[in-house]
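The primary structure of each chain is shown beneath.
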Amino acid sequence: MNSSNSDNLRLAPPSVDVDSLPKPLHDGTQALTVDEARETYLRIERASWNSDERTSKHMRHRNELYPRILESDRRLQEQYEGLTTVKLTRGLSPFNELGERMTPWELDAMLNGGTIRRSVREALNYHLSRKRDLDFEWVGVTSVTQTTGAPREYMYLWIDDPDNGVSTDWLSPTLDKHLDKCANAFEENHAYHENGTGGAITVRHSPPLAEHSKDDFWKIQEASEEPSYPNTTGAKFVAGQLAHLPVGDYVNSERDNPSDTLLNGGALAWASPYRWFRASGGVSTS
């Protein structure tokens, strides 16, 4: 979503109690516009960045959640005898049935509210654990799309699959739960290849590893007690989707500014009553 077409779009509709929003994101009677919310988010993040007493949302994502995902990835590479990884993408259309743009708050509620995430998680548990007796761990990261700014969630699964049995057929019922329960989620926007090579469901029986420079390799080793070998490309991608990472490029004068769309996503993540990072119990808490 660009500034040119979001000037009059509010972060949340009038029906939302403004007290449910962080105080800086409303004026006492209504939510700020998306552009106003972005500028407020940037101002507060910049102040936190320069403060010795406050931790910015960016720093929490960069120093806590990002390494948590990658440490888990390295540990599970070592722990599982036959690692298979899966990336499951849940998204939705930003327009209602009249073709009108919906507020970010409404889209977030559609994607992450009610029982939808529990239904998705229960479908995974049934089809992988109960039905096929496979051990697995998972992480879910909500971000926004570069094109429309609508929220979407990436779920990344590490599965102990020594027989390489996991297939898109085993994951498709979970995607179907999302399509059934999310009013603005459509099948045509969740296409995938049956062999798992791309789309809304990807399956990797031999997960490709991300390349690291020698310096990065030793930084990983020094920062964690987990194995120091490279991460899977999927884990690195999903970790990179954390919503408050882009604002770090904005406050760092040596980097190019991220798009307004990604910064709008950071403001929405701040406003959201839902956790944009969630994980199974076996994902590292260090």
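Residues numbered from 1 in each chain as written. Predicted model: local features only at pLDDT ≥ 70, side-chain atom pairs only at ≥ 80, totals over all residues. Heavy atoms only, no water.

Student: Explain the overall build of the protein chain to me, please; I cannot follow it from the model alone.
Tutor: A tally of helices and strands in the protein chain yields 9 helices and 5 strands. Each helix (α) and strand (β) of the protein chain, taken in turn from the N terminus, gives the series α-α-β-α-α-β-β-α-β-α-α-α-α-β. A compact globule built from 286 residues should have a C-alpha radius of gyration of about 19 Å, and the protein chain, at 19 Å, falls within 12% of that. A burial count over the protein chain gives 53% of its 286 residues as buried. Look at the contacts in the protein chain between residues 6 or more apart in sequence, and 71% of them connect residues 24 or more apart. Carbon and sulfur atoms provide 43% of the accessible area of the protein chain, an area that totals close to 14,200 Å². (Helix = DSSP H or I, 4+ residues; strand = E, 2+ residues; numbered from the N terminus. Rg over C-alpha atoms; globule rule 2.2 N^0.38 Å. Buried < 20%, exposed > 50% of the residue type's maximum accessible area, 1.4 Å probe, protein only. Contact = heavy atoms within 4.5 Å. Areas by Shrake-Rupley, 256 points an atom, 1.4 Å probe, with all protein chains shown as cover.)

Student: I tried to follow the nonpolar core on my own but got confused; where do I start?
Tutor: Proteins that are soluble and globular tend to have nonpolar side chains buried together. The biggest cluster of nonpolar side chains holds 26 residues, and the ones touching the most others in it are Leu-157 and Ile-159. Elements that contribute at least two residues to this core include exactly strand E1 (83–90), helix H3 (104–112), helix H4 (116–130), strand E2 (136–144), strand E3 (151–160), helix H5 (168–181) and strand E4 (201–204). The biggest single contributor to this core is H4, with 4 residues. Apart from residues no more than four positions distant in its own chain, Ile-159 is found in contact with Tyr-80, Gly-82, Leu-83, Thr-84, Val-86, Leu-128, Leu-134, Asp-135, Phe-136 and Val-166. Core analysis: the next-biggest nonpolar cluster, separate from the first, contains 21 residues, Leu-21, Leu-25, Leu-32 and Trp-105 among them. (Core = buried A, V, L, I, M, F, W, Y, C linked by side-chain atoms within 4.5 Å.)

Student: Would you mind showing me how to read the packing of aromatic side chains here?
Tutor: In this description, a pair of aromatic rings is defined by centroid distance and the angle of the planes. Considering all chains together, one arrives at 3 aromatic pairs under this definition. Note on Tyr-154 and Phe-237: the rings are 5.1 Å apart at their centroids and 80 degrees apart in plane angle, and the pair reads as edge-to-face. Of the two residues, Tyr-154 sits in strand E3 while Phe-237 sits in helix H7 (residues 233–239), which places them 83 residues apart along the sequence. Look at Tyr-154 and you get buried, because its relative accessible area is 5%. Overall, the relative accessible area of 35% leaves Phe-237 in the partly exposed class. (Phe/Tyr/Trp six-rings, centres within 6.5 Å; stacked < 30°, edge-to-face > 60°.)

Student: Sorry if this is basic, but what is going on with the environment of Ser-56 here?
Tutor: Following the sequence through the fold, Ser-56 ends up in the loop between helix H1 (34–49) and helix H2 (57–79). Along the backbone, Ser-56 and Asn-231 are 175 residues apart, and their C-alpha atoms lie at a distance of 26 Å. With residues near it in sequence (within four places) discarded, Ser-56 still touches Glu-45, Ser-48 and Trp-49.

Student: Would you mind showing me how to read the pattern of salt bridges here?
Tutor: When the charged atoms of two side chains lie near each other, side chains of opposite charge can form a pair. For the structure shown, the criterion picks out 6 salt bridges. With its nearest N and O atoms 3.7 Å apart, the salt bridge here joins Arg-38 to Asp-260. Note that Arg-38 is positioned in helix H1 and Asp-260 in helix H9 (residues 260–271), a separation of 222 residues in sequence. Residue Arg-38 is classed as buried on the basis of its relative accessible area, which comes to 6%. Notably, a salt bridge pairs Arg-90 with Glu-153, separated by 3.0 Å at the nearest N-O pair. Of this pair, Arg-90 sits in strand E1 while Glu-153 sits in strand E3, and the two are 63 residues apart along the sequence. Given a relative accessible area of 1%, Arg-90 falls into the buried group. A residue is classified by how much of its surface remains accessible, and Glu-153, at 0% relative accessible area, is buried. Connected through salt bridges with shared partners, the residues Asp-35, Arg-38, Glu-39 and Asp-260 form a single ionic network. (Salt bridge = Lys/Arg side-chain N within 4 Å of Asp/Glu carboxyl O.)

Student: Sorry if this is basic, but what is going on with H4 here?
Tutor: Over its 15 residues, H4 runs 20 Å from end to end, which matches the ideal 21 Å to within 8%, given 1.5 Å per residue. Those residues of H4 lying buried are Ile-116, Arg-117, Ser-119, Val-120, Ala-123, Leu-124, His-127 and Leu-128. Looking down the long axis of H4, one finds its buried residues gathered within 165 degrees of arc, a one-sided arrangement. (Expected span 1.5 Å × (residues − 1). Arc of directions from axis to C-beta.)

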